[in-house]
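Residue-level structural notes
Read off the chains here:
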Number of protein chains: 2
Amino acid sequence: MKRKITLKQIARELEVSISTVSKALKDSAEISEDTKQKIKAFAKLYHYRPNNLAISLKNRRTKNIGVIIPDIVHYFFTTVFRGIEHYSQEHGYNIIACVSDESLEKEIINMEMLANGSVDGFILALSAETQKKNEFDHLREILDQGIPLVLFDRVTDEIECDKVMINDQEAAFLGVKKFIDNGRKKIALITTEDYFSVSRDREAGYRQALLQFGLPLDEDLILKLPFMALDESAINMFFSTQEVDAVLCVNEIFAIHCMNLVQQKGIKVPEEISFIGFTDGILSKYANPGLTSIAQHGFRMGEIAAKMLIGKIEDDLGEEEEETYHTEIIRSNIIERGSTIN
Amino acid sequence: MKRKITLKQIARELEVSISTVSKALKDSAEISEDTKQKIKAFAKLYHYRPNNLAISLKNRRTKNIGVIIPDIVHYFFTTVFRGIEHYSQEHGYNIIACVSDESLEKEIINMEMLANGSVDGFILALSAETQKKNEFDHLREILDQGIPLVLFDRVTDEIECDKVMINDQEAAFLGVKKFIDNGRKKIALITTEDYFSVSRDREAGYRQALLQFGLPLDEDLILKLPFMALDESAINMFFSTQEVDAVLCVNEIFAIHCMNLVQQKGIKVPEEISFIGFTDGILSKYANPGLTSIAQHGFRMGEIAAKMLIGKIEDDLGEEEEETYHTEIIRSNIIERGSTIN
DNA sequence: TTGTATGCGTTATCAG
DNA sequence: CTGATAACGCATACAA
């Protein structure tokens, strides 16, 4: 077990100074070809690699990005993560990944842990609890410290920073429009409780579409399910009492679950009831019938988030210009499958 | 935008030395209550937090763990990741997450990137290419440098280090046994090409079960699919030419995909053909019918991997005892769903 | 009880 | 062309 070799050791072995070694390895013009060759050869032999920590300390830049997501098991977040990782990788940044588990406290702990020099910036989707409690002091604090932050998907208007998301309202609107175009009249919305920004926006799109196309708005056709635990009896109850011919769900799990329950009742999908879900994930693809889905293009979202963040990080090095924040809207589109009629 | 405050600044403001501040903040007995109070109050006011980098540099410990997985979109890896994250979090370690994308080169790049001081140890599942090419020099190298490594799921005998996995052979054996107990006679195996350790073991279990229960071994009943791109025509061809009444698949995707294709042909599952898959993931749960699955308990696997690694890391601080490596076998079990008959 | 000096591994500045 | 020195932020052995 050989410890990693350092400049100092090389210097001692070769009987030169540390700075000579340092410069030689950077191929500085100050050093003679001779010594450069000698030093480089030696360094290569011993697999010299500069210590990242020391460099980070010196540069005050870690080349690490903190990514905090509510849950890594959800396909959408995973996909965004992939996008972030991909872009960052290519630009020499590593990802420190944390899971907030939908908890405000864990979100805070993770941020504080990383904010003390471990990362150059954050990419984050708000946890459920954070959105519910509307508490953003931890975000303000890191912003105050001059650490860049990019919010994606689950965002808030209360914080000024870069953001990436889809146009949830429009996406929901288009989903409902598709139902209407297919002649559906009794269109239900199955969503979470209100505190999610995305759910609010999607509900707004749903309402807007009904309004615009002259369909009556029946509040009983909106089912709000608890977010964490799937409530089967509520779903069964809903479909027993309400007469619906189309259902827009704010996520894939809700959609697949409802579709399964409805089919178990012997109702035909898509003939009797059509389904559209958000998040074009693996479940949508392999469902039976396939679930028509609103693709959120998570990978792109991740790439863009990373790009925005790295841009900010590297800009901060330059002149201290006025901070300006952007909100990128990713275009979403509908992936048609068997759960709706073409 | 206020930069983070440092010991030095506190010392200057309070007109004491840096070490006094350092000690006071650690509540050292050397410092008088008075000055301690004063310094602590000041530090609190300015939200002093020690810089992680500096501490890491000093201690030669980062409290970071490098996790390299082939693909984060796969449910199993994600679940293991969750387990690692969970355990590490609780023990004060952060996760630097990298995706090798099934590529040896990316695996190497990622490891080298992190091995230079960014992490205290690695947890890794071998990429497809790494297994295919049987190249492990990069692993030997980091082991040589005294950096602990834990391999999970996709492991190799060629490297001596800690490992966590399930007993794939036994699990496959039990899957086939279940089919046989249900009276199935023509049991197929759908697997990947040979270079995956897990696939080899699962195939061994399959063969062992047939042998042991006196069923003929028909090589034509073993279908090897390319790993990356799903080959539908090969699957269709297989089910047209072979007469089977049960199928064991080495992963969830294969199983779901085959089940769908078979059902599209009008074949009834589980009446005519039963299915069992590996990886009890989200697809298995929401499939129609539900897919009977061999649970690999990824979360536990992750926790154990993290535990082993952190154990090694923190032991290394103690006496330089003989290195001893362990292989933990996680118990797997079958989750029964609609794709097999009870 | 407080402070000085040294080191963790680098890099940059400046002197020789 | 080469080397000494300081600095990044912190901790600690040793003086005072």
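In this report, the structure presented in the accompanying data block is examined. Given the structure is predicted, the values throughout are model-derived calculations rather than measurements.

Looking at the overall build of chain A
Tallying secondary structure elements over chain A gives 14 helices and twelve strands in all. With the C-alpha coordinates of chain A rotated into their principal frame, the extents come out at 85 × 40 × 30 Å. Across the 342 residues of chain A, 55% fall into the buried class. Of the contacts made within chain A by residues no fewer than 6 positions apart, 71% connect residues no fewer than 24 positions apart. Taken together, the 40 basic and 54 acidic charged side chains of chain A have centroids lying 8 Å from each other.

Brief notes about the nonpolar core
The biggest cluster of nonpolar side chains holds 148 residues, and the ones touching the most others in it are Phe 239 and Phe 275 of chain A together with Phe 239 and Phe 275 of chain B. Counting 42 residues, the second largest nonpolar core, distinct from the first, contains Leu 114, Leu 139 and Cys 161 of chain A together with Ile 96 of chain B.

Examining the relation of the copies chain B and chain A
Overlay of chain B on chain A (RMSD 0.1 Å): rotation 180 degrees, translation along the axis 0.0 Å. The symmetry that links the two subunits is that of a two-fold axis. Within chain B, the C-alpha atom positioned nearest to the axis of rotation is that of Ile 96 of chain B, 2.1 Å from it. The residues that chain B uses at the interface reappear at the interface of chain A in 100% of cases, marking a shared surface.

Some details on the protein's contact with DNA strand D
Neighbouring DNA strand D are 26 residues; Thr 20, Lys 23 and Thr 35 of chain A together with Leu 7 and Tyr 48 of chain B lie closest to it. The share of sugar and phosphate among atoms of DNA strand D within 4 Å of the protein is 62%. Lys 23 of chain B places a polar side-chain atom, nitrogen or oxygen, 3.5 Å from a base nitrogen of DNA strand D. Elements with a contribution of two residues or more to the surface near DNA strand D: α2 (18-25) and α4 (52-59) of chain A together with α1 (7-14), α2 (18-25) and α4 (52-59) of chain B.

Here's the deal with the interface of chain B and chain A
Listed by partner, the interface residues are 55 residues for chain B and 55 residues for chain A. Where chain B abuts chain A, roughly 5200 Å² becomes buried across the two surfaces, and 56% of that area is made up of carbon and sulfur atoms. Per-residue buried area on chain B facing chain A is highest for Leu 53, Asn 116 and Tyr 286 of chain B; these three make up 14% of the total on that side. Summed over the shared surface of chain B and chain A, the number is two salt bridges. One salt bridge in this structure joins Asp 101 of chain B and Arg 82 of chain A, with 3.2 Å as the shortest N-O distance.

Structural notes on helix α12 (residues 252-264) of chain A
Residues and elements named next belong to chain A. Compared with an ideal rise of 1.5 Å per residue, which puts 13 residues at 18 Å, α12 spans 18 Å between its outermost C-alpha atoms and is within 8% of the ideal. Taken across its 13 residues, α12 has eleven buried, putting it largely inside the fold. For α12, the capping residue at the N-terminal end is Asn 251, with a side-chain oxygen 3.2 Å from the backbone nitrogen of Ile 253. Residue Gly 266 follows α12 closely and has a positive phi angle near 90 degrees.

As for the environment of Ala 229 of chain B
Mapped onto the elements, Ala 229 of chain B comes out in the loop between β7 (222-225) and α11 (232-241). Here the alpha-carbon distance between Ala 229 of chain B and Gly 338 of chain B, two residues 109 residues apart in the chain, equals 27 Å.

The rules behind each value
- Residues numbered from 1 in each chain as written.
- Chains lettered and ligands numbered in written order.
- Predicted model: local features only at pLDDT ≥ 70, side-chain atom pairs only at ≥ 80, totals over all residues.
- Heavy atoms only, no water.
- Helix = DSSP H or I, 4+ residues; strand = E, 2+ residues; numbered from the N terminus.
- Buried < 20%, exposed > 50% of the residue type's maximum accessible area, 1.4 Å probe, protein only.
- Contact = heavy atoms within 4.5 Å.
- Lys, Arg positive; Asp, Glu negative; His and termini not counted.
- Charge placed at Lys NZ, Arg CZ, Asp CG, Glu CD.
- Core = buried A, V, L, I, M, F, W, Y, C linked by side-chain atoms within 4.5 Å.
- Least-squares fit on C-alpha atoms with pLDDT ≥ 70 in both.
- Near = heavy atom within 4 Å.
- Polar contact = N/O pair within 3.5 Å; in protein donor to acceptor, adjacent residues only side chain to side chain.
- Buried area = accessible area lost by both parts, 1.4 Å probe.
- Salt bridge = Lys/Arg side-chain N within 4 Å of Asp/Glu carboxyl O.
- Expected span 1.5 Å × (residues − 1).

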